[in-house]
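Here are the chains, one letter per residue:
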Amino acid sequence: MLSLTFLFGVDIAMTQTPVNEGNITIPEKKVKVFGENLFLGKFANIKQLRFNPNYRINIGDKIQVMFWGAYNQTLVVEVDTQGNIFIPTVGVVHVLGLPASKLNEIIKNAVKKVFKSNVFVYANVMNYQPISVFVTGGVNKPGLYEGLSSDSIIQYLDKAGGINLKDGSFRYIYIKRINQVVNNIDLYKFLLGGDLNIFQFKNGDVIVVESLKYYITVSGDVKRPYRFELKNKCTNLKNIKKFTLNPR
């Protein structure tokens, strides 16, 4: 049996007591929110370097360069403020803005100009430069948080105490860079299907969590008896079934 407690909550930002379109108030009992267990501090302190072929080399990144064959040496070099690295004997190599997938090729080509044969080289991004990202809107602890450009949006939201369950949105989140929106995030894609875009943050980016707008509470004989957020004012039973019964 499927029991719909209420439908189509209005914009929370407009009223302190959300009501549905038929003027029925929300029940006073506490309702579990779908996704509420996502932000329990498990992501906040994790720092992991994962290979992203589209990652753009940035100032301050550390690159490991290994030579073998007729010339043996292992170096760790840092991208300077002009976007270059310096490799002894080889010289200056410009790498700023290069995708990680092209780094090895560019350095190999530079090495071949000096060592014509019997010298092999491998280059890899060893450490990303720490950055600071603003998190604001419907989160529990808005502020400026340090992390890596490779960190996921979930890690930054977790640092900010997670989404405010009373009035924060899981589905309307966007990232601004120099006052322009550069990415939109719907966390339901992750919660329902495990899909999460790999996005490269830059120093000074702003994560904005909008206010909760529309929602529905489902209870009864379902796998997920929660309050679900809707992207639009109206929905249908097919969408409700996707939320409550199916893994995707």
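Starting from 1, residues in each chain are numbered consecutively following that chain's sequence as written. In view of the model being predicted, local features appear only for residues whose pLDDT reaches at least 70, and side-chain atom pairs are presented and counted only at 80 or more, with totals across whole chains, interfaces and linings using the full set of residues. The side-chain values count all of the structure's non-hydrogen atoms but skip hydrogen atoms and water molecules.

### Some thoughts on the sheet that holds strand S2 (residues 62-69)
As a reminder of what qualifies: Strand pairing is defined by DSSP finding a minimum of two bridges between the two strands. Strands are runs of DSSP state E lasting at least 2 residues, helices are runs of H or I lasting at least 4, and numbering of each runs from the N terminus. Axes here mean lines fitted to C-alpha atoms, for a helix over just the part in contact, with angles spanning 0 to 180 degrees between N-to-C directions.
Strands sit in the order S3-S2-S6 across an open sheet of 3 strands; the sheet is antiparallel. The open sheet has two free edges, formed respectively by strand S3 (73-78) and strand S6 (119-127), since each of these has just one partner strand. Strand-to-strand, the axes of this sheet are offset by a mean angle of 20 degrees, without reference to chain direction. Bridging between S2 and S3 involves 6 bridges; their strand directions are antiparallel.

### Here's the deal with the side chain of Arg 227
Cut-off, in case you're wondering: Relative accessible area decides the class of each residue, using a 1.4 Å probe on protein chains only: under 20% of the type maximum gives buried, over 50% gives exposed, and in between gives partly exposed. Within this scheme the basic residues Lys and Arg register as positive and the acidic residues Asp and Glu register as negative, but His and the chain ends are omitted. The term salt bridge refers to a side-chain nitrogen of Lys or Arg lying within 4 Å of a carboxyl oxygen of Asp or Glu. Contacts are assigned to residue pairs that have any heavy atoms within 4.5 Å of one another.
The topology assignment puts Arg 227 in strand S13 (residues 227-230). There is no salt bridge for the buried Arg 227, and the closest opposite charge comes from Glu 229, which lies 6.3 Å off by N-O distance. The contact partners of Arg 227, leaving out residues within four places of it in the chain, are Val 31, Lys 32, Val 33, Phe 34, Leu 165, Lys 166, Tyr 188, Leu 212, Tyr 215, Ile 216 and Thr 217.

### Some details on helix H4 (residues 237-244)
We count it as follows: In this description, the arc belongs to the directions extending from the helix axis to the C-beta atoms.
Along H4, the residues classified as buried are Ile 240, Phe 243 and Thr 244. End-on, the buried residues of H4 take up no more than an arc of 85 degrees, which puts them together on one face.

### Re the environment of Val 139
As for its placement among the helices and strands, Val 139 is situated in the loop between strand S7 (130-137) and strand S8 (143-148). A residue is classified by how much of its surface remains accessible, and Val 139, at 6% relative accessible area, is buried. Residues in contact with Val 139, not counting those within four places in the same chain, are Leu 157, Ala 160, Gly 162, Ile 163, Asn 164 and Val 209.

### Some thoughts on the pairing of S8
Bridging between S7 and S8 involves 6 bridges; their strand directions are antiparallel. Paired with Phe 134 across the strands is Leu 144, a residue of S8. In this antiparallel pair of consecutive strands, S7 and S8, the connection spans 5 residues.

Geometry only, nothing functional implied.
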